[in-house]
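A structural walkthrough
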Amino acid sequence: MLTDWFFYALAIPAFLVVGISKGGFGSGMGSMGVPLMALAIPVPQAAAIMLPLLMVMDAIGIWKYRTQYARGHMGFLMVGAVLGTVLGYLAFEHLDEAWVRVIVGAVAVIFTANDWLVAALGRAAPAQGPSWPKGTFWSAVSGVTSFVANAGGPPLQVYLLPLRLDKTAFVATTVVFFAAINAMKLGPFIYLGLFSLENLATSLVLLPLAPLGMALGIWLHARVPEKPFFFWCNVFLLLTGAKLLWDGIVTLQQRGGLPSEIF
């Protein structure tokens, strides 16, 4: 197992944030788990260590929210999840992770800023109904970005937030969706050789954080009223998007792909 104290100083809060986010707020800040750990280890290794814990969190979440997800949307969301995971696997060695982070981060920031601007102008958009083109597209994007950069939360929320689901249906839908995504990622991760004994042993050491984070998230979910809940979902989406955008820009600048004057 990994013995670097700096890695654990990042991984422990990262997994707690992921669990709280998944259990109570529908992903959101969960996309920050791998970027935080990537400050100490390579991104593929961070994703491999995280996946077993995510699957434990998924099992807890499905048990808790098993009857409350938005069934009318799940069919085409699952189609997109399959397409996105396959595309992510095929593109894994070709897609530039830095550019994926920049694009996903920019989409999340622009979406949140636009939503708040519309609300500030007193023209809040009405709740949208099911849309298989939008749902399939954004869930496929989520599948790709989840596989390549573990950043599947923002694209899915771009579809889900305008639906104005109640908070429990919103969280339950993200739980079921990402449980499917993570289960589909297991085989490709094994094939790509990401599950070394060191990675699996590290996951085992960190495993108690999965139920602890989920329990905290479920506790908070039951106590945060609807309006503040979605406000904080948007805040988390904005922060996640900003983090992904910043990480991508920094990486590209370090490679010489962007001029240093951007800073």
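Presented here is an overview of the structure given in this document. Bear in mind that the values here come from a model prediction, so they are computed numbers and not experimental data.

About the thresholds
- Residues numbered from 1 in each chain as written.
- Predicted model: local features only at pLDDT ≥ 70, side-chain atom pairs only at ≥ 80, totals over all residues.
- Heavy atoms only, no water.
- Helix = DSSP H or I, 4+ residues; strand = E, 2+ residues; numbered from the N terminus.
- Rg over C-alpha atoms; globule rule 2.2 N^0.38 Å.
- Buried < 20%, exposed > 50% of the residue type's maximum accessible area, 1.4 Å probe, protein only.
- Contact = heavy atoms within 4.5 Å.
- Areas by Shrake-Rupley, 256 points an atom, 1.4 Å probe, with all protein chains shown as cover.
- Lys, Arg positive; Asp, Glu negative; His and termini not counted.
- Charge placed at Lys NZ, Arg CZ, Asp CG, Glu CD.
- Expected span 1.5 Å × (residues − 1).
- Patch = residues over 30% accessible without salt bridge, like charges linked within 9 Å, V, L, I, M, F, W, Y side chains within 5 Å.
- Salt bridge = Lys/Arg side-chain N within 4 Å of Asp/Glu carboxyl O.
- Axes fitted to C-alpha atoms, helices over the stretch in contact; angles between N-to-C directions.
- Parallel < 35°, antiparallel > 145°, perpendicular 65-115°, else oblique.
- Nonpolar A, V, L, I, M, F, W, Y, C, P; charged D, E, K, R; others polar.
- Phe/Tyr/Trp six-rings, centres within 6.5 Å; stacked < 30°, edge-to-face > 60°.
- Polar contact = N/O pair within 3.5 Å; in protein donor to acceptor, adjacent residues only side chain to side chain.

With that settled, consider the overall build of the chain. Along its length, the chain carries 11 helices and 0 strands. Starting at the N terminus and walking to the C terminus, you meet the elements of the chain as α-α-α-α-α-α-α-α-α-α-α. At 17 Å, the chain has a C-alpha radius of gyration in line with the 18 Å of a compact globule built from 263 residues. Considering only C-alpha atoms, the chain reaches an extent of 50 × 45 × 30 Å along its principal axes. Relative to its full complement of 263 residues, the chain shows a buried share of 52%. Expressed as a percentage of contacts within the chain between residues at least 6 apart in sequence, the contacts between residues at least 24 apart total 85%. Accessible surface, the chain: about 11800 Å² in total, of which carbon and sulfur atoms supply 72%. Across the chain, the centroid of the 14 positively charged side chains sits 14 Å from that of the 11 negatively charged ones.

Now for helix 11 (residues 226-255). Helix length check: helix 11 (30 residues) gives 44 Å between terminal C-alpha atoms against 44 Å at 1.5 Å per residue, within 8%. Remark: Gly256 follows helix 11 within two positions and exhibits a positive phi of approximately 90 degrees.

Where nonpolar side chains cluster on the molecular surface, the patch consists of Val82, Val86, Leu87 and Leu90 and spans about 350 Å² of accessible area. Within the fold, Val86 resides in helix 4 (residues 71-91).

This part covers the pattern of salt bridges. Oppositely charged side chains can pair when the atoms bearing their charge come close. In the structure shown here, the tally under the stated rule is 2 salt bridges. One salt bridge connects Asp58 with Lys22, and the closest N-O pair in it is separated by 2.8 Å. A residue pair is termed long-range when its members are at least 10 positions apart, and Asp58 in helix 3 (residues 43-65) and Lys22 in helix 1 (residues 5-25) qualify at 36 residues. Lys22 matches Asp58 in its accessibility class, with the two residues each being buried. Measuring nitrogen to oxygen at the nearest pair gives 3.3 Å for the salt bridge that ties Lys243 to Asp247. Of the two residues, Lys243 and Asp247 are both situated in helix 11; the distance of 4 residues between them amounts to about one turn of the helix. Note on Asp247: relative accessible area 16%, which makes it buried.

Moving on to the packing of helix 8 (residues 167-191) against helix 11. Close contact between helix 8 and helix 11 brings their axes to 10 Å; oriented N to C, the two are set at 40 degrees. Overall, the two elements helix 8 and helix 11 adopt an arrangement that is oblique. Together, Lys167, Phe170 and Val171 of helix 8 and Glu226, Phe229, Phe230 and Cys233 of helix 11 make up the contact between the two elements. Taken together, the residues of the contact of helix 8 with helix 11 break down into 5 nonpolar, no polar and 2 charged.

All right, on to unusual backbone geometry then. The phi dihedral of Arg164 is positive, around 55 degrees, even though this residue is not glycine. Using a relative accessible area of 39% as the deciding quantity, one classes Arg164 as partly exposed.

In this section: the packing of aromatic side chains. Scanning the model with the defined rule gives 9 aromatic pairs in all. When the centroid spacing of 6.0 Å and the interplanar angle of 75 degrees are considered together, the rings of Trp5 and Phe6 count as edge-to-face. According to the relative accessible area criterion, Trp5 is exposed, its value standing at 66%. Here the aromatic rings of Tyr89 and Phe147 are separated by 6.3 Å at their centres, their planes lie at 75 degrees, and the arrangement is edge-to-face. Separated by 58 residues along the polypeptide, Tyr89 in helix 4 and Phe147 in helix 6 (residues 132-149) bring together distant segments of the chain. Since its relative accessible area comes to 2%, Phe147 is described here as buried. Among the aromatic side chains, those forming a connected cluster through ring pairs are Tyr89, Phe147, Phe189, Tyr191 and Phe195.

Okay, the environment of Ala242 next. Structurally, Ala242 can be placed in helix 11. Using a relative accessible area of 37% as the deciding quantity, one classes Ala242 as partly exposed. On a C-alpha basis, the gap between Ala242 and Ile110 in space is 10.0 Å, while along the polypeptide they are 132 residues apart.

As for its placement among the helices and strands, Thr136 is situated in helix 6. In this structure the side chain of Thr136 is engaged in a polar contact, spanning 2.7 Å, whose partner is the backbone oxygen of Trp132. Sequence-distant contacts of Thr136, that is, excluding residues within four places in its chain, are made with Phe76, Val79, Gly80 and Leu83.

Turning to the side chain of Thr168, a few remarks are in order. Of note, Thr168 is situated in helix 8. Thr168 sits in the buried class, given a relative accessible area of 18%. The residues touching Thr168, leaving out its near neighbours within four places in the chain, are Tyr65, Gln68 and His221.

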